[in-house]
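Chain by chain, the residues run as shown.
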Amino acid sequence: MTPPPGADSTRDRIVAAATAEFARHGIAGARVERIAKAARTSKERLYAYFRSKEELYATVSAVELTAVAEATRLDPTDLPAYAGRLHDYFSAHPDRLRLMSWGRLELAPGDGPAPDGDPVGATVRHKTEQLRLAQRAGHLDPSWDPLDVLVLLNQLATSWAGQSELLPADEEQRTAFLAARRATVVTAVQRLFPASPASHPSPASDPSPASSASLASPARRTTQD
């Protein structure tokens, strides 16, 4: 019987160790032995909580999707500001974007079942419904398919998170560079999906938070450790 999730330090350590392992090596390259060692537990104990690497990855991705949602707060009436928050989050945590991207590259649809089902699919459905309701309320151009809005916005917002080789080495220059890229992202989204006039703050002056799913749709194959 799989132990229920909750205030279990061993399970929490496994999830934390797996997050780092999957971000660094992907699903195929991740090793349960390394995860167990980093979590200060045994491989057998890990499998008492998670039946496979795919199930463990699904749990990790669900945790990350929750963290992204809490840090970025989708506001369908002000998508430019939301794009800015996504840019901030993934620019500060590019490893999290890699983590979510591995699922799209390595898993086929329906692989990696988690106790709560498909976390990525559930997130996509929830956000597209929010966008659809905003369209009905007159806050967003109804001629767009909500799924197109979501995908285009996420691609723009995360476009610089994986471009570390283009960032200046100097920290002050890097901060200024990312601020300029953020402004470009916000402007691009504003032109595509203008903020509702009643939304606050103005997208052009939306302050840059310290941090801010990718939405990764599973796509290819399962792996065995």
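Residues numbered from 1 in each chain as written. Predicted model: local features only at pLDDT ≥ 70, side-chain atom pairs only at ≥ 80, totals over all residues. Heavy atoms only, no water.

### Description of the overall build of the protein chain
Here is step 1: For the protein chain, the helix and strand inventory stands at 9 helices and 0 strands.
Here is step 2: Starting at the N terminus, the α and β elements of the protein chain follow one another as α-α-α-α-α-α-α-α-α.
Here is step 3: Classification of the 225 residues of the protein chain by burial places 43% in the buried group.
Here is step 4: When the accessible surface of the protein chain is totalled, it reaches about 11500 Å², and 54% of it is carbon and sulfur. (Helix = DSSP H or I, 4+ residues; strand = E, 2+ residues; numbered from the N terminus. Buried < 20%, exposed > 50% of the residue type's maximum accessible area, 1.4 Å probe, protein only. Areas by Shrake-Rupley, 256 points an atom, 1.4 Å probe, with all protein chains shown as cover.)

### Observations regarding the environment of Asp12
Here is step 1: Within the secondary structure, Asp12 is located in helix 1 (residues 9-29).
Here is step 2: Sequence-wise, Asp12 and Ala39 are 27 residues apart; in three dimensions their C-alpha atoms are separated by 8.5 Å.

### Things to note about the nonpolar core
For soluble globular proteins, the rule of thumb is that nonpolar side chains tend to be buried together.
Here is step 1: Of all hydrophobic cores here, the largest spans 42 residues; its most connected members are Ile14, Phe22, Ile35, Leu56 and Leu79.
Here is step 2: Counting residues per element, this core draws most heavily on helix 1, which supplies 7 residues.
Here is step 3: Excluding residues within four positions of it along the chain, Leu79 makes contact with Leu74, Leu131, Leu140, Val149, Leu153, Val189 and Phe193. (Core = buried A, V, L, I, M, F, W, Y, C linked by side-chain atoms within 4.5 Å. Contact = heavy atoms within 4.5 Å.)

### Considering the confidence of the model for the protein chain
Parts of the prediction with low pLDDT should not have their coordinates interpreted in detail.
Here is step 1: Summing up the model confidence of the protein chain, the mean pLDDT is 82 and the portion of residues at 70 or higher is 78%.
Here is step 2: Mean pLDDT across the elements of the protein chain ranges from a minimum in helix 6 (residues 94-106), with 80, to a maximum in helix 2 (residues 32-38), with 96.
Here is step 3: Counting interchain partners and residues more than four positions distant, the pLDDT-below-50 stretch residues 1-7 has 7 contacts.
Here is step 4: For residues 201-224, every residue scores under 50 in pLDDT, and the model assigns this stretch 85 contacts once sequence neighbours within four places are set aside. (pLDDT = per-residue confidence, 0-100.)

### Description of the pattern of salt bridges
Here is step 1: Following the criterion strictly, the structure yields 7 salt bridges and no others.
Here is step 2: Note that Arg96 and Glu64 form a salt bridge whose closest N and O atoms lie 3.1 Å from each other. Placement of the pair is Arg96 in helix 6 and Glu64 in helix 4 (residues 53-72), with a sequence separation of 32 residues.
Here is step 3: Note on Arg96: relative accessible area 24%, which makes it partly exposed.
Here is step 4: When its relative accessible area of 5% is taken as the criterion, Glu64 is described as buried.
Here is step 5: Between Arg182 and Asp88 there is a salt bridge whose closest N-O contact spans 2.9 Å. Remark: Asp88 occurs in helix 5 (residues 79-92) and Arg182 occurs in helix 9 (residues 171-192); sequence separation between them is 94 residues. Pair check on accessibility: Arg182 and Asp88 agree, each one buried.
Here is step 6: Overlapping salt bridges, with partners in common, bring together Glu64, Asp95 and Arg96 in one network. (Salt bridge = Lys/Arg side-chain N within 4 Å of Asp/Glu carboxyl O.)

### Describing the packing of helix 1 against helix 4
Here is step 1: Viewed as axis vectors pointing N to C, helix 1 and helix 4 meet at an angle of 100 degrees, and their least axial separation amounts to 9 Å. On the basis of the axis angle, helix 1 is roughly perpendicular to helix 4. For the pair formed by helix 1 and helix 4, the contact residues are Arg11, Ile14, Val15, Ala18, Thr19, Phe22, Ile27 and Ala28 on the first element and Lys53, Glu54, Leu56, Tyr57, Thr59, Val60 and Val63 on the second.
Here is step 2: In the contact of helix 1 with helix 4, the residues fall into 10 nonpolar, 2 polar and 3 charged. (Axes fitted to C-alpha atoms, helices over the stretch in contact; angles between N-to-C directions. Parallel < 35°, antiparallel > 145°, perpendicular 65-115°, else oblique. Nonpolar A, V, L, I, M, F, W, Y, C, P; charged D, E, K, R; others polar.)

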